[in-house]
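Coordinates in review
Next come the chains, spelled out residue by residue.
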Amino acid sequence: MAKNKPYGDNARKGAVKNRTQVFNPKTGLYVKRDSGSGRFMDVKVSGGKFKGVTDKSK
């Protein structure tokens, strides 16, 4: 039987709340934005997508 990790180990289970990511075709990078305020927060410069953030680019 599988067991979840113990609480308090700073492990995320599921998606990050109130965050989305979109693909910027001009730069070819993903941008993270705050769903509440709509402000852009961060750009993933190492390529690929952010872990655990909902993708809204489709």
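Refer to the structure printed above.
Residues numbered from 1 in each chain as written. Predicted model: local features only at pLDDT ≥ 70, side-chain atom pairs only at ≥ 80, totals over all residues. Heavy atoms only, no water.

Thoughts on the side chain of Thr20
Just so we agree on the cut-off: The numbering of helices and of strands both runs from the N terminus, where a helix is a DSSP run of H or I of at least 4 residues and a strand a run of E of at least 2. By the convention used here, residues are in contact when the closest approach between their heavy atoms is within 4.5 Å.
Inspection of the secondary structure puts Thr20 in strand S1 (residues 19-24). When neighbours within four sequence positions are excluded, Thr20 is seen to be in contact with Val31, Lys32, Arg33, Ser35, Val53, Thr54 and Lys56.

Considering unusual backbone geometry
We count it as follows: Per-residue accessibility, obtained with a 1.4 Å probe over protein chains only, is compared with the maximum for each type, and a residue is labelled buried under 20%, exposed over 50%, and partly exposed between these values.
Non-glycine residue Asn18 carries a positive phi angle of around 60°. Here Asn18 lies in the segment before S1. The exposure class assigned to Asn18 is exposed, which follows from its relative accessible area of 54%.

Focus: the environment of Tyr7
Of note, Tyr7 is situated in the segment before S1. For the pair Tyr7 and Leu29, spaced 22 residues apart in sequence, the C-alpha to C-alpha distance is 33 Å.

What about the pairing of S1?
Note on strand geometry: in a regular strand, side chains alternate between the two faces of the sheet. The condition that has to hold: Two strands are said to pair when DSSP picks up at least two bridges between them.
Summarising the sheet, S1 and strand S2 (residues 29-34) pair through six bridges and their orientation is antiparallel. Paired with Gln21 across the bridge in S2 is Lys32. Remark: four residues form the turn of the hairpin made by S1 and S2, two consecutive strands paired antiparallel; Gly28 in that turn has positive phi of roughly 80°. Two elements, S1 and strand S4 (residues 54-55), share two bridges in a ladder whose sense is parallel.

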